[in-house]
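# Analysis of the macromolecular model
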Amino acid sequence: MKVLITGATGLIGTHLSNLLLSHGIHINYFTTDKDKIKSLPSFEGYYWNPEQCIIDKSAFIGVDAIIHLAGATIAKRWSSSYKQEILQSRVLSGNLLYKTLKENPHQVKQIISASGIAVYPSSMDENYDENFTDYADDFLGNVVEKWENSVRLFNKIGIETCYLRTGLVLAKESVPLQKLLKPISMGAGAAFGSGNQWQSWIHIDDAVKIYYFALANKLSGIYNVVAPQPVTNTMLVHSIASQLGKRIILPNIPQFMVTPFVGEMATLLYDSQKVDASKIISEGYKFRFNEVDEALKDLLSK
Ligand SMILES: NC(=O)c1ccc[n+]([C@@H]2O[C@H](COP(=O)([O-])OP(=O)(O)OC[C@H]3O[C@@H](n4cnc5c(N)ncnc54)[C@H](OP(=O)(O)O)[C@@H]3O)[C@@H](O)[C@H]2O)c1
C-alpha cells in the first residue's frame, strides 16, 4: 500500500510515518520546506507550495490513500495576518490536492484529514459526539468548518472522506505540554480560569494508531480522536504535577492575566470541550491510554 501524507514532518506526521513504515506501508509526502525532502526507499518527499499552487504530480503515482495533516500551527500568536495563514494553509492545501486529482488520472480511494475539536462550542456541560452540528461561531470553529468543507469536495470525485477531530495531543515534544510542564517543574504551576473547563486529550500513540485504524478499516465520516476519559484543567495540571513529584500551591490564573501576553489564543486554555470517544470505540478501536495519569506517566517517565 502507498499513502501520501501532507504535513508528515510535524508532530503527528512524524509519529504516524514511523507507525505506517512499521506496517510496511510506502509513504510519499509533501513538504513546503525543500530542506525536509528525503528520498529513502519507502519514504519519499516531494515539494509543494499550496499558496502558489505548486505541486509535484509525480507524488501521486501509485497512491491509494491521502492523509492530510498540513496546516500552520495554532500555537503562535493569532495576529490578523497569521489567522489568515492558519485558515489558508488548511483550505488551499486541500483545494490544491482536490484540483490535482480531479484533473489527472489517479488511484486514490480515500482521504483522511486531521480536524479539530474546536468545532464544538465551549461548554462546561455538553458531551460532544460527532452528530453535533451547531458548530462554534468563533475563529477556530470557523477554521475547522471550512477545513472539513474543503475535504468534503473529494466525495464529488468518488473518494471516501474521513475527518478525525483530534483533541489535545499529549506527546513528549508537544508544545502545549511543554508549556504546562515548565512552570509546574519549577513549583510555579497553576490551573487556568475556574479550572473546571474540560480538556479532551489523547496520547500521541493512540492518536496515530487511530489514523492507521481509519486507513486499515477504510473508515469514512467524522470521528472524534480523544481519549475516553477527558479531564478538567485542574485535573490535568495536578496530574502533571504529581508525575513530576510537585504540588500546585498557587491560585488559578484568570484569563485577563493571560490575554495581554498571548491575545485571542488564550481561548485554547480557557475554552471547554468535553468530547466523546464512543464512536471510534464502537468501530473496534481499543485505547492503550484511557486515563490521563497513565498517559502522562508514560510520557514523563521516558
Ligand atoms: N497536535 C495537536 O494537538 C492537534 C490537535 C488537533 C488537530 N491537530 C491538527 O493536526 C494536524 C497535524 O498536527 P501537528 O501537531 O502534527 O502539527 P505540526 O507539528 O504543526 O505540523 C504541521 C505540518 O504542516 C505543515 N505546514 C505548516 N505550515 C504550512 C503551510 N503554510 N502550508 C502547508 N503546510 C504547512 C508543516 O510541514 P512542512 O514544513 O513539511 O510543509 C508541518 O510539519 C494540524 O493540521 C493540526 O491543526 C493537531
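To start, this report covers the structure provided alongside it. (Residues numbered from 1 in each chain as written. Predicted model: local features only at pLDDT ≥ 70, side-chain atom pairs only at ≥ 80, totals over all residues. Heavy atoms only, no water.)

On to the overall build of the protein chain. Helix and strand content of the protein chain: 10 helices and 13 strands. Expected size for 302 residues packed as a compact globule is a radius of gyration near 19 Å; at 19 Å, the protein chain falls within 12% of this value. For the C-alpha atoms alone, the extent of the protein chain along its principal axes is close to 60 × 40 × 40 Å. Across the 302 residues in the protein chain, those meeting the buried criterion constitute 50%. Considering only intrachain contacts with a sequence separation of at least 6, the fraction spanning at least 24 residues in the protein chain is 76%. For the protein chain, the accessible area works out to roughly 13900 Å², and carbon and sulfur atoms hold 53% of it. (Helix = DSSP H or I, 4+ residues; strand = E, 2+ residues; numbered from the N terminus. Rg over C-alpha atoms; globule rule 2.2 N^0.38 Å. Buried < 20%, exposed > 50% of the residue type's maximum accessible area, 1.4 Å probe, protein only. Contact = heavy atoms within 4.5 Å. Areas by Shrake-Rupley, 256 points an atom, 1.4 Å probe, with all protein chains shown as cover.)

Right, let's get into the pattern of salt bridges. Close approach of charged atoms allows side chains of opposite charge to pair. Under the criterion given, the structure shown has seven salt bridges. Between K99 and E103 there is a salt bridge; the shortest N-O distance is 3.6 Å. Taken as a pair, K99 and E103 lie in helix α2 (residues 80-103) at a separation of four residues, close to a single helical turn. Of the residues examined, K99 reaches a relative accessible area of 44% and is grouped as partly exposed. Across the pair D205 and R288 runs a salt bridge, and its minimum N-O distance is 3.1 Å. Of the two residues, D205 sits in helix α5 (residues 204-216) while R288 sits in the loop between α9 (278-282) and α10 (292-300), which places them 83 residues apart along the sequence. Each of E148, R152 and R165 takes part in salt bridges that share partners, so that together they form one network. (Salt bridge = Lys/Arg side-chain N within 4 Å of Asp/Glu carboxyl O.)

The subject of this paragraph is the site of the ligand. Neighbouring the ligand are 21 residues; T9, T31, T32, K36 and R90 lie closest to it. Between the ligand and L69, the relevant distance is 2.9 Å, taken from an oxygen atom to a main-chain nitrogen or oxygen of the residue. Look at the ligand: alone it shows 890 Å² of surface, and the protein chains cover 80% of it. Elements with a contribution of two residues or more to the shell around the ligand: α1 (11-22), α2, β7 (110-116) and β9 (168-170). (Near = heavy atom within 4 Å. Polar contact = N/O pair within 3.5 Å; in protein donor to acceptor, adjacent residues only side chain to side chain.)

What follows deals with the nonpolar core. The nonpolar side chains of a soluble globular protein tend to be buried with one another. Among the nonpolar cores identified, the biggest contains 78 residues, and I5, L20, F30, I66, I67, L97 and Y211 are the most heavily contacted of them. Not counting the four nearest positions on each side in its chain, I67 is found in contact with V3, L4, I5, T6, L16, L20, I112 and Y211. By size, the runner-up hydrophobic cluster in this structure holds 22 residues, among which are F192, W201, V292 and L299. (Core = buried A, V, L, I, M, F, W, Y, C linked by side-chain atoms within 4.5 Å.)

What is shown is where atoms sit, not what they do.
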